[in-house]
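Fold and contact review
Read off the chains here:
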Amino acid sequence: MSIRTRFAPSPTGYLHIGGARTALFAWLYARKHGGKFVLRIEDTDLERSTEESVNAILEGMGWLGLDYDEGPFYQTHRFERYEEVIQQLLNDGKAYRCNCSKERIEKLREEQMATKEKPRYDGHCRDLNVSADEPHVIRFANPQDGEVVFDDLVRGSITVQNKELDDLIIKRTDGSPTYNLSVVVDDHDMQISHVVRGDDHINNTPRQINILNAMGHNAPTYAHVPMILGEDGARLSKRHGATSVIEYREMGYLPEALINYLVRLGWSSGDQELFTLDEMISLFDVVDVNKAPSSFNNEKLQWINQQYLKEEDASRVAQLLSVHLGNLDIDPSEGPSLEDVVIAQRERAKTLIELAEVSQFFYRDFTEFDEKMAKKQLRPVATDILKAAQSALNNLDNWEIEAIHDVIHGVAEQLDVKMGKVGMPLRVAVTGGAPSPSLDLTVYLIGKDACNRRISKALEYIEGRAES
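Only a predicted model underlies this, so the values are computations on that prediction, with no experimental measurement involved. (Residues numbered from 1 in each chain as written. Predicted model: local features only at pLDDT ≥ 70, side-chain atom pairs only at ≥ 80, totals over all residues. Heavy atoms only, no water.)

**Remarks on the sheet that holds strand 8 (residues 169-171)**
Our working rule: Between any two strands, at least two bridges found by DSSP are needed for them to pair. Strands are runs of DSSP state E lasting at least 2 residues, helices are runs of H or I lasting at least 4, and numbering of each runs from the N terminus. A fitted line through C-alpha atoms serves as each axis, taken over the contacting stretch for helices, and the angle formed by two N-to-C directions is quoted from 0 to 180°.
Strand order across the open sheet formed by three strands is 4-5-8, with antiparallel pairing between neighbours. The open sheet terminates on both sides in strands that have one partner only, identified here as strand 4 (95-98) and strand 8. Between one strand axis and the next, the sheet turns through 45 degrees on average, direction left out of account. As judged from the four bridges shared by strand 4 and strand 5 (residues 137-140), these two strands associate in the antiparallel manner. In the sheet register, Cys98 faces strand 5, and the bridge partner there is Val137.

**Overview of the nonpolar core**
Spelled out, the test is: Each nonpolar core is a collection of buried residues, namely Ala, Val, Leu, Ile, Met, Phe, Trp, Tyr and Cys, held together in the definition by side-chain atoms within 4.5 Å. Exposure categories follow from relative accessible area, calculated using a 1.4 Å probe and restricted to protein chains: below 20% of the type maximum is buried, above 50% is exposed, and the middle band is partly exposed. The contact criterion used is simple: two residues touch if any of their non-hydrogen atoms lie within 4.5 Å.
Among the nonpolar cores identified, the biggest contains 101 residues, and Ile17, Leu258, Phe296 and Leu386 are the most heavily contacted of them. The greatest single-element share of this core, amounting to ten residues, is contributed by helix 1 (residues 17-32). Excluding its chain neighbours within four sequence positions, the residues that come into contact with Phe296 are Ile17, Ile228, Leu229, Gly230, Glu231, Leu236, Tyr248, Tyr261, Leu265 and Leu301. By size, the runner-up hydrophobic cluster in this structure holds 30 residues, among which are Ile86, Phe140, Leu165 and Val184.

**Here we look at a positive patch on the surface**
Rules: Patch criteria: residues need more than 30% relative accessible area and no salt bridge. Like-charged residues are merged within 9 Å; nonpolar side chains of Val, Leu, Ile, Met, Phe, Trp and Tyr are merged within 5 Å. The protein chains shown are the only cover counted for residues, whose accessible areas, like all others here, come from Shrake-Rupley with a 1.4 Å probe. For this analysis, a salt bridge means a side-chain nitrogen from Lys or Arg found within 4 Å of a carboxyl oxygen belonging to Asp or Glu. Residues scored as charged are limited to Lys and Arg (positive) and Asp and Glu (negative), so that His and the chain ends carry no count. Working definition for charges: the position is that of NZ of Lys, CZ of Arg, CG of Asp or CD of Glu.
A surface patch of positive charge is lined by Lys375, Arg379, Lys418, Lys421 and Arg465. Positionally, Lys421 belongs in helix 17 (residues 419-431). We classify Lys421 as exposed; its relative accessible area is 53%.

**Observations concerning the packing of helix 15 (residues 383-394) against helix 17**
Rules: Note on terminology: angles under 35 degrees are roughly parallel, angles over 145 are roughly antiparallel, angles of 65 to 115 are roughly perpendicular, and the others are oblique. Think of it as three bins: nonpolar holds Ala, Val, Leu, Ile, Met, Phe, Trp, Tyr, Cys and Pro, charged holds Asp, Glu, Lys and Arg, and polar takes everything else, Gly as well.
Across the interface, helix 15 lies against helix 17 with an axial gap of 10 Å and an inter-helix angle of 75 degrees. The angle between helix 15 and helix 17 falls in the class roughly perpendicular. Along the contact surface, helix 15 presents Ile385, Leu386 and Ala389, while helix 17 presents Lys421, Val422, Pro425, Leu426 and Ala429. Of the residues belonging to the contact of helix 15 with helix 17, the class tally is seven nonpolar, no polar and one charged.

**Let's talk about the packing of helix 3 (residues 79-91) against helix 5 (residues 179-189)**
Packing of helix 3 against helix 5 brings their axes to within 10 Å, and their N-to-C directions diverge by 105 degrees. The orientation of helix 3 relative to helix 5 falls into the category roughly perpendicular. For the pair helix 3 and helix 5, contact is made by Arg81, Tyr82, Val85, Ile86 and Leu89 and by Leu181, Ser182, Val185, Asp186, His188 and Asp189, respectively.

**A look at the environment of Ala234**
Checked against the element boundaries, Ala234 lands in the loop between strand 11 (228-229) and helix 7 (245-250). Judged by relative accessible area, which is 23%, Ala234 ranks as partly exposed. In this structure the C-alpha to C-alpha distance between Ala234 and Pro437, which are 203 residues apart in sequence, comes to 42 Å.

**A few points about the side chain of Gln208**
In plain terms, the rule: Any N or O atom pair separated by 3.5 Å or less is treated as a polar contact, with the protein-specific requirement of one donor-capable and one acceptor-capable atom, and with residues adjacent in sequence counted only for side-chain atom pairs.
Along the chain, Gln208 falls in helix 6 (residues 205-215). A distance of 3.1 Å separates polar atoms of two side chains, one belonging to Gln208 and the other to Arg197. Residues in contact with Gln208, not counting those within four places in the same chain, are Tyr179, Asn180, Val183, Val184, Arg197 and Tyr222.

**Points about helix 3**
Quick note on the threshold: By definition here, a helix of n residues has an expected span of 1.5 Å times n minus one. The arc in question is the one spanned by the directions pointing from the helix axis to the C-beta atoms.
Its 13 residues give helix 3 an end-to-end C-alpha distance of 18 Å, which sits within 8% of 18 Å, the value for a rise of 1.5 Å per residue. Of all the residues in helix 3, the buried ones are Tyr82, Val85, Ile86, Leu89 and Leu90. In an axial view of helix 3, the angular spread of the buried residues amounts to 140 degrees, which keeps them on one side of the axis. Along helix 3, exposed side chains directed more than 90 degrees from the buried face belong to Glu80 and Asn91. Packing partners of the buried residues in helix 3 comprise strand 4, strand 5, strand 8, helix 5 and helix 6. Remark: Gly93 follows helix 3 within two positions and exhibits a positive phi of approximately 75 degrees.

Here it is, written out as structure tokens:
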């Protein structure tokens, strides 16, 4: 059998973390089995669906690298097909018109709840032959006897009695199809073999299987994955922090890191934490997804992101980092090689934003020294040391790390002081006190002119302190 999975978001907002994980699981399952991954936009909610949301979903999937083989298909472009199926169900006696008022439905619901019954439509219009000329909805005539049994790849065998299911609406009064009708038609027409979706849809599955059977078709295989919770055990929402995929991009996460984190939310392969994409495709199987919900842990995501920052190709990290430096009003072309800065600094950051913040001193002069560091290192005793270092560096024609290293050590020998007496005040002078790599590399990356300016600033600071 040809494996075909799909991701079918409703464009009523951004691509959220839960949707991204569902898309990832469906994508991985298709890729593992050499199948096709289909993107469908379920935009039948005309009031809430927006083109902006469609673009946000496509942008999020593109950033994560979840490429689709077919689509995007829009349900609003398929209304004629849905109408065709609805008419066939009517003709076959498997659907009927219903003109029950909202008041009747609400009263029925209240009565059922009062007697502790499960609220459900009572089939009042099943045999009334409601005219097509009066306002009405169309309901599916759900089987009244028997049961629906399906084997869920995550949850195992599930059985639902048909008497527990009501005659759901498949066409609204305004003529638009409902979710349960359109999704069934689409899954059949698009030859979807495996439906991977959130377990909030699990109650819809027996209803959809009955509609498929009424159409004369077999149901696909279902895999309902559990929801994602916040660290407090409640369903993940905005109050737990970012929930949009694009927000994580803006927060400085690498798409590979977020993908790696999402695949581990409810799935594992031994004790392995970090996976290449090829490893994910090879090892992942939706049948191994846990039944229990998973909790989103921001610290774990940061740790994974840090590992990717350390191991990812420096040129790619540099390309992504340039955007975040730009957000700090820094032009990375006016300074040291961004790749060199990445290699020097990436051990110090968990996100690209942090990496930009701890690296900005390479590209622009700081306004103030770190008060604690300056008080300790920029004292009158450091004046001669800084002047000697400034002179030696200014006279250096070969601005290379090894030459800078020799010059700094030469100053220590010339003044007959230990290296720390030179290195510490010089480091504070050129960085302002910011955490930095080895001193010779730091000085090299900052550049001769900037080092000269900053040492002069440090000397002025020492002189000002002495006068006060």
